[in-house]
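Chain by chain, the residues run as shown.
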Amino acid sequence: MSSLIVKNSIVIHANTSKVWNALVNPEQTKKYMFGCGALSDWKKESALLWKGVYENKEIIFVKGFILDIQREKLLTYSTIDPNAPIEDIPENYLTVTYHLVQESDTKTTLTVTQGDYSKVTDGEKRYKEAFNNGEGWNPILMEIKKLVKLNLKK
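Residues numbered from 1 in each chain as written. Predicted model: local features only at pLDDT ≥ 70, side-chain atom pairs only at ≥ 80, totals over all residues. Heavy atoms only, no water.

Peer 1: What is the right way to look at the environment of Ser3 in this model?
Peer 2: Note on placement: Ser3 falls in the segment before strand S1 (6-12). Separated by 104 residues in the primary sequence, Ser3 and Lys107 place their C-alpha atoms 31 Å from one another. Among residues more than four places away in sequence, those in contact with Ser3 are Asp116 and Ser118. Within polar-contact distance, the side chain of Ser3 engages the side chain of Asp116 at 3.3 Å. (Helix = DSSP H or I, 4+ residues; strand = E, 2+ residues; numbered from the N terminus. Contact = heavy atoms within 4.5 Å. Polar contact = N/O pair within 3.5 Å; in protein donor to acceptor, adjacent residues only side chain to side chain.)

Peer 1: Help me out: how do you make sense of the nonpolar core in this one?
Peer 2: Nonpolar side chains in soluble globular proteins tend to be buried together. Within the largest apolar cluster, 35 residues are counted, with the highest numbers of intra-cluster contacts made by Tyr77, Tyr98, Leu110, Trp137 and Ile144. The set of elements that each furnish at least two residues to this core consists of S1, helix H1 (16-24), strand S3 (47-54), strand S5 (74-79), strand S6 (94-104), strand S7 (107-115) and helix H4 (138-153). If we skip the residues at most four places from it in the chain, Ile144 touches Ile12, Ala22, Leu23, Tyr32 and Leu110. (Core = buried A, V, L, I, M, F, W, Y, C linked by side-chain atoms within 4.5 Å. Buried < 20%, exposed > 50% of the residue type's maximum accessible area, 1.4 Å probe, protein only.)

Peer 1: Where do I start with H1 in this structure?
Peer 2: Because an α-helix packs 3.6 residues into every turn, residues spaced three or four apart end up facing the same way. Those residues of H1 that fall on the buried side of the exposure criterion are Thr16, Val19, Trp20, Ala22, Leu23 and Val24. N-capping of H1 is provided by Asn15, with a side-chain oxygen placed 3.1 Å from the backbone N of Ser17.

Peer 1: How should H4 be read in this particular structure?
Peer 2: Its 16 residues give H4 an end-to-end C-alpha distance of 23 Å, which sits within 8% of 22 Å, the value for a rise of 1.5 Å per residue. Looking only at H4, the buried set comprises Ile140, Leu141, Ile144, Leu147 and Val148. With its buried residues spanning 120° around the axis, H4 presents them on a single face. Those residues of H4 that are exposed and aimed more than 90 degrees away from the buried face are Lys146, Lys149 and Lys153. Contacts from the buried residues of H4 go to S1, H1, helix H2 (26-29) and S7. (Expected span 1.5 Å × (residues − 1). Arc of directions from axis to C-beta.)

Peer 1: Whenever I open this one, the environment of Ile10 confuses me. Can you help?
Peer 2: Within the secondary structure layout, Ile10 lies in strand S1. Given a relative accessible area of 10%, Ile10 falls into the buried group. For the pair formed by Ile10 and Glu103, sequence separation is 93 residues and the distance between their alpha carbons is 12 Å.

Peer 1: Looking at this structure, how should I read the sheet that holds strand S2 (residues 37-39)?
Peer 2: Strands in a sheet are paired, the pairing made by backbone hydrogen bonds, and the direction either parallel or antiparallel. Pairing is antiparallel in the open sheet, where seven strands are placed in the order S1-S7-S6-S5-S4-S3-S2. Whereas interior strands pair on both sides, the edge strands pair on one side only; in this sheet they are S1 and S2. Across the sheet, the mean angle separating the axes of adjacent strands is 25° when strand polarity is ignored. In the packing of H1 onto the sheet, contacts are made with S1, S2, strand S4 (57-70), S5, S6 and S7, and the angle to S6 comes to roughly 160°. Lying over the sheet, H4 contacts S1 and S7, oriented at roughly 20° with respect to S1. (Pairing = 2+ DSSP bridges. Axes fitted to C-alpha atoms, helices over the stretch in contact; angles between N-to-C directions.)

Peer 1: I tried to follow the packing of aromatic side chains on my own but got confused; where do I start?
Peer 2: By convention here, two paired aromatic rings are described through the distance between centres and the angle between planes. What the rule picks out here adds up to four aromatic pairs. Centroid distance Trp50 to Tyr77: 6.2 Å. Interplanar angle 45°. Geometry classified as tilted. A residue pair is termed long-range when its members are at least 10 positions apart, and Trp50 in strand S3 and Tyr77 in strand S5 qualify at 27 residues. With relative accessibility at 3%, the residue Tyr77 sits in the buried group. Relative to Tyr98, the ring of Tyr77 has its centre 5.7 Å away and its plane inclined at 65°; by these criteria the two rings are edge-to-face. Taken together, the residues span a long stretch of sequence, with Tyr77 in strand S5 and Tyr98 in strand S6 at a distance of 21 residues. The two residues Tyr77 and Tyr98 agree in class, both being buried. Here the aromatic residues Trp50, Tyr77, Tyr98 and Trp137 are joined through ring pairs into a cluster of three or more. (Phe/Tyr/Trp six-rings, centres within 6.5 Å; stacked < 30°, edge-to-face > 60°.)

Rendered as structure tokens:
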């Protein structure tokens, strides 16, 4: 099977600081990541938990570890759904990378990659389920853009 990597980019009319805040502030991530707060101390090798509420109970929807972090430039983490029927072993974790490039004082390009699905158990199925056959991060990126724009108005 060839590589199954999702890669999407968006231009956000804000500086990298504002975009970064949307990526690492749990109160902000809840607004675009299906009600889940991204919880971590944001240090390399630290745990990253995506927690939300389901049926009035807080649960972990996604977990992983910070693999690389460069404030306002790069965030790479591993990820797995602990509720999925796949074995929780390193080989089944996917890698997500947020790459921020400040194009000007008021413009940032945010690129997200996730994969490689071809290297994990049930990769093709997971790819299709998670990303609607390749639509990728575009819907989430649009929500991040709206959120950052709204926060700029405050």
